[in-house]
Amino acid sequence: MADDGQPHLNSQQFLDENVSTPSSPTMGRNDCGIAPLTPSPSPRVEIRPKAACLFSVVVAIDFGTTSSGYAFSFTQDSEAIHMMKRWEGGDPGVANQKSPTCLLLTPHLRFHSFGFAARDFYHDLDPEEARHWLYFDKFKMKIHSTSDLTMETELEAVNGRRVRAIEVFVHALRFFREHALKEVKDQSSSVLEGEEIRWVITVPAVWRQPAKQFMREAAYLAGLVSPDCPEHLLIALEPEAASIYCRKLRLHQVIDLSVQPITNGLDLDGSRPFDSSFRQAREQLRRSRHSRTFLVESGTGELWSELQTGDRYVVADCGGGTVDLTVHQIEQPQGTLKELYKASGGPYGAVGVDLAFEAMLCQIFGEDFIQSFKAKRPAAWVDLTIAFEARKRTASPGRTNALNISLPFSFIDFYKRHRGQSVEAALRRSNMNIVKWSSQGMLRLTQEAMNELFQPTIINIVQHIEELMSKPEVRGVRFVFLVGGFAESPMLQKAVQKSLGRTCRIIIPHDVGLTILKGAVLFGLDPTVVRVRRCPVTYGVGVLNRFVNGRHPRDKLLIKEGREWCTDIFDRFVSVDQSVALGEVVKRSYTPARTGQRKIIINIYCSTTDDVVYISDPGVRKCGTITLDLPEAGAEGGTGAAGGGSPERREIRATMQFGDTEIKVTAVDVTSSRSVRASIDFLSN
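So, here's what we can say about the structure. This structure is a prediction, so every number in the text was calculated from the model and none was measured. Residue indices begin from 1 for each chain and proceed along its sequence in written order. Local features in this predicted model are restricted to residues of pLDDT 70 or higher, and side-chain atom pairs are both shown and tallied only at a pLDDT of 80 or more, whereas totals for entire chains, interfaces and linings draw on every residue. The side-chain numbers reported here are obtained from all heavy atoms of the structure, hydrogens and water having been left aside.

1. Notes on the sheet that holds strand E7 (residues 102–105)
What counts is decided by this rule: For two strands to count as paired, DSSP must find a minimum of two bridges between them. Each helix is a run of H or I in the DSSP string that is no shorter than four residues. Each strand is a run of E no shorter than two, and both are numbered from the N terminus. Think of each axis as a best-fit line through the C-alpha atoms, taken over the contacting stretch in the case of a helix, with angles from 0 to 180 degrees between the N-to-C directions.
The strand order across the open sheet formed by three strands is E8-E7-E9, and the pairing between neighbours is antiparallel. Unpaired on one side and paired on the other, strand E8 (111–114) and strand E9 (134–137) mark the two borders of the sheet. Adjacent strand axes in the sheet meet at a mean angle of 15 degrees when their direction is disregarded. Two elements, E7 and E8, share three bridges in a ladder whose sense is antiparallel. Counted as the bridge partner of Leu105 is Phe111 from E8.

Structure (structure tokens):
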């Protein structure tokens, strides 16, 4: 058991068919019509036997903010991970193991292309025609930032037109499904059926349950799996996947920043730029990528031999949209992982640097002009962001010369028409000395300018890691693994090394941008590798308890059939940051309030704190519903007479799992021992 070890007790609760959220303590008195007959139980462990391998291939999709990709592995040769084919198009000199996360729809909202193909086609459109096409990029961030995510949430294309977010994600996942299936079938000697494939989709660990459910619903609509076979799709947490892969690393597959002291961006002897070893590793990787097949250790890698049972480490997934931190402890000899602190992070990804660049352009040329240019010349704006992205990758702390960023001709021309003066004049007038103008039509960003763009995001990331490392549960960390696309940045590497390099070892895998993707494949092959997770929030339901004068407030009093009840009591399932092991379940028994009732709906509430008493407390919000569909009871003998001829109450036992990457619920009719259709919904609030 991974909790306080209280004895397990089932609680029986009576529930009406329609349960809604009380808007205040004085309203909706019957909404909380559940009365537990026993104290709330703690989660208990049910040992689940390891499921037999019914699939022959695992396909993982790393759906990133700035770039995405897929990889797969056959269960008969699980030590070989096959990366997707190189993408057509792309930037010269950049290894295209992944594709930019951008999607293009026709003016009639039909799918046209994804990735480099979408970007290049949109670039080549006539400016007037481009205004009618719908181009989406970095759209994954919307799912994290939207507090009230539903199936109706909309995304805005570059041209300002809006489309339901679920449609954009479905198009993207369907694109990956078609490409991945074709490649898998090309490499498979047998004909694969749909049920032989296990799909894995990565999401940030800091995503809430609605966002995870959103990705699952999109996968159903894209045809990856059927809703009737939900077990064929796994949601993998990105830093968790990276952690799983890092277990396999050998010493020659990593850069250890801790053994590279730096002074002013150089080695101590001043002979070599700080980031040169990383560049050499990247170049070596680029030369070897023609094979596209990576072999992983059957056990754990050499790095792990240095870790003892109980040693802890941090994985910092620094991606395009978010920084995602997880703390794991390794359990020997089986090599399983235990999460020590709930996942944390925030919107401090590489996109923050892009937003800082846009803010700098607004400061120089005026926000009204930039907004007008984006609306009237959307394709040219995308060209400008691509040009900046390419140069951003080359920024390093030891660089002395300026970075040149080409301004599209349409930008220069549009500014002259709009403002009646040249871009060069605007730069002079802005008094921004850290940005110069080149007669070749380029903005020249000095090292000071690049620092100004990078530092706010980097400071947020470093502070977040430092705050995590100061927690009592995290002290004594020996390793910090930097992964994700932004971890390739020498600017971020230097900042993390300067902050943490004296207290722990900072490790960067050579193929840092592919770490999550490879780990997602390994997770699909064995989802039990993470044995214990931490609950990100407190979950529970509202119930009725016997009213106790002096203990319960009078405004919670409900008199029902002559008995006094206290309404809105929060019945806790699991607590924030509570350890929940794989296989641990919470059980509750529910009884329909009326004979012949066909559905039970239970509202789920959550809070970021553990000191919740009532569902009306500050910070408590309704976050989802559990629905139990009840079959006809007559045919099962569930409504027969008992004793004096009164109808026998049916008992529906619901079992909830909080130890997986998603919350799951199953239910059974105790009288008939038949399964009851149970579902949990976080998207309909």
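2. Focus on the side chain of Thr106
Cut-off, in case you're wondering: By definition, residues are in contact when any of their heavy atoms lie within 4.5 Å.
Assignment of secondary structure puts Thr106 in the loop between E7 and E8. When neighbours within four sequence positions are excluded, Thr106 is seen to be in contact with His112, Trp133 and Leu134.

3. Regarding the sheet that holds strand E24 (residues 530–534)
In spatial order, the strands read E14-E23-E22-E16-E17-E18-E24-E28; together these eight strands make up an open sheet with mixed pairing. Looking along the sheet, the strands with just one partner apiece sit at the ends: strand E14 (254–256) and strand E28 (579–581). Strand-to-strand twist across the sheet, computed as the mean angle between neighbouring axes with direction ignored, equals 25 degrees. By the bridge criterion, two bridges tie strand E18 (residues 336–346) to E24 in an arrangement that is parallel. Bridge pairing in E24 places Lys338 opposite Val532. Helix H13 (residues 447–469) contacts strand E16 (312–318), strand E17 (323–331), E18 and strand E22 (479–483) of the sheet and is inclined by roughly 35 degrees relative to E17.

4. Regarding the pattern of salt bridges
Definition in use: One speaks of a salt bridge when a side-chain nitrogen belonging to Lys or Arg is within 4 Å of a carboxyl oxygen belonging to Asp or Glu. Exposure categories follow from relative accessible area, calculated using a 1.4 Å probe and restricted to protein chains: below 20% of the type maximum is buried, above 50% is exposed, and the middle band is partly exposed.
Tallying each qualifying case throughout the model produces 27 salt bridges. Linking Arg164 and Glu152 is a salt bridge whose minimum nitrogen-to-oxygen distance equals 3.5 Å. In this pair, Arg164 sits in strand E11 (residues 162–164) while Glu152 sits in the loop between helix H3 (140–145) and strand E10 (154–156), placing the two residues 12 residues apart along the sequence. Exposure remark for Glu152: the relative accessible area of 54% places this residue in the exposed category. For Arg162, the salt bridge goes to Glu156, with nearest N and O atoms at 3.1 Å. Residue Arg162 is classed as partly exposed on the basis of its relative accessible area, which comes to 44%. Salt bridges sharing common partners tie together Asp354, Glu389, Lys392 and Arg393.

Function cannot be inferred from these measures alone, as they are strictly geometric.
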